[in-house]
Amino acid sequence: MRFLLDPEQRAFADSLNAMLTAADTPAVVRSWSRGDHASGRALWRRVAQAGVFALAVPEAYEGLGAHPVELAVAFVELGRHAVPGPLVETVAAAALLTEPGPAKRLLPALASGEAMATAAPAGSYALDGDVATTRLAWDADGLRLAPGHGPVRASLDPARRLTALLPGGELLSPDPPVAHAVTWARLATAAQALGVGLALLDRTVAYVKQRTQFGVPIGSFQVVKHQLADAKIALEFARPLLFGAALTMTESDVAAAKVTACEAAYATARTALQLHGAIGYTAEYDLSLWLTKARALRASWGDPGECRAAVLDGFSGGGRRS
């Protein structure tokens, strides 16, 4: 099968890439990491105005309907530019809000960018609960609108600020489609990771052309070429799995895409760090914004072990469509 984007999808990706390039996202990420959300909120609204979140919201609630392929296209670009915020969690929230009453009340604002959401199992940490305006938590009793959040905690990725959601709150659904939401979240995470890996590879290729040893660019060394080639192959292998999963939207296919894309991004991050040398370890150098995100996304919405188990379950049971 050929998983080539059509002209409209390529134009969508190009428009997002141009917008995010002009937005100076490294500066936005650093402000977000410090708890200054003004520039991040402004960028969030621009991303929403481009239709990104509407791709996960039904037309009945002012969205564009479910378009997983286009959503994956968008999240590759969001990862390429390290856009901060609860991006994946807003997609998960859109998938969780299926009851007509709560959906009518909450989804239009998510689609338009007026609101942002976070979502997590009750008792676990949620991403950016301090800035999210819609906080969803689920347990055996159902899906609730959390009344608030606990203290902000730092994570491996400085731009991923974690908070516990307060218990209680309005019951939105006694039987939310959690598996469906997790599948959408894993697809978005896989796409974001692929974008992160591609950005790391591009930055490293540019760097090895400039850094010299023994009077020549280190990019001319055979061992460096082999490392970059391995990273490129891993990322390009993940790409068709991602878009193939977006077409089928089965739990096993999406889990396979998630583990493959995240492992490829993580391997590319390790290669990027090695080839950059000591400068790659410094938080002041922009490369760190992608290095830490590659590591964090690897465990987000299902670590490699969980995703591989989901793939095996799909082989034995045929997989479920979400």
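Residues numbered from 1 in each chain as written. Predicted model: local features only at pLDDT ≥ 70, side-chain atom pairs only at ≥ 80, totals over all residues. Heavy atoms only, no water.

## With respect to the overall build of the protein chain
Counting its secondary structure elements, the protein chain contains 11 helices and nine strands. The C-alpha atoms of the protein chain give a radius of gyration of 19 Å, which matches the 20 Å a tight globule of 322 residues would have. Dimensions of the protein chain along its principal axes, counting C-alpha atoms only, are 65 × 45 × 35 Å. A burial count over the protein chain gives 54% of its 322 residues as buried. Restricting the contact set of the protein chain to residue pairs at least 6 apart, pairs at least 24 apart contribute 72%. Summing over all exposed atoms, the protein chain offers an accessible surface of approximately 14,100 Å²; the carbon and sulfur share of this is 56%. One finds the centroid of the 30 positive side-chain charges in the protein chain at a distance of 6 Å from the centroid of its 30 negative side-chain charges. (Helix = DSSP H or I, 4+ residues; strand = E, 2+ residues; numbered from the N terminus. Rg over C-alpha atoms; globule rule 2.2 N^0.38 Å. Buried < 20%, exposed > 50% of the residue type's maximum accessible area, 1.4 Å probe, protein only. Contact = heavy atoms within 4.5 Å. Areas by Shrake-Rupley, 256 points an atom, 1.4 Å probe, with all protein chains shown as cover. Lys, Arg positive; Asp, Glu negative; His and termini not counted. Charge placed at Lys NZ, Arg CZ, Asp CG, Glu CD.)

## Notes on the environment of L228
Along the chain, L228 falls in helix 8 (residues 222–248). Using a relative accessible area of 13% as the deciding quantity, one classes L228 as buried. Residues L228 and T271, 43 residues apart in the sequence, show an inter-C-alpha distance of 7.5 Å.

## Focus: the pattern of salt bridges
Summed over all chains, the structure comprises 10 salt bridges. Here D157 makes a salt bridge to K293, at a shortest N to O gap of 2.9 Å. Taken together, the residues D157 in the loop between strand 5 (149–153) and strand 6 (162–165) and K293 in helix 10 (residues 287–299) connect sequence positions 136 residues apart. Take D157 and K293: they sit in the same class, and that class is buried. For R298, the salt bridge is made with E263, and the minimal N-O distance between the two is 2.4 Å. (Salt bridge = Lys/Arg side-chain N within 4 Å of Asp/Glu carboxyl O.)

## With respect to helix 2 (residues 25–33)
Taken together, the buried positions of helix 2 are T25, P26, V28, V29, S31 and W32. Buried residues along helix 2 sit against helix 1 (7–22), helix 3 (38–49) and helix 10. At the C-terminal side of helix 2, G35 shows a positive phi close to 90 degrees.

## Re the environment of D141
Take D141: it is sitting in the loop between strand 3 (134–139) and strand 4 (142–145). Linking D141 and G113, residues 28 residues apart in sequence, is a C-alpha distance of 29 Å. The residues contacting D141, other than those within four sequence positions of it, are L171, S173 and P174.

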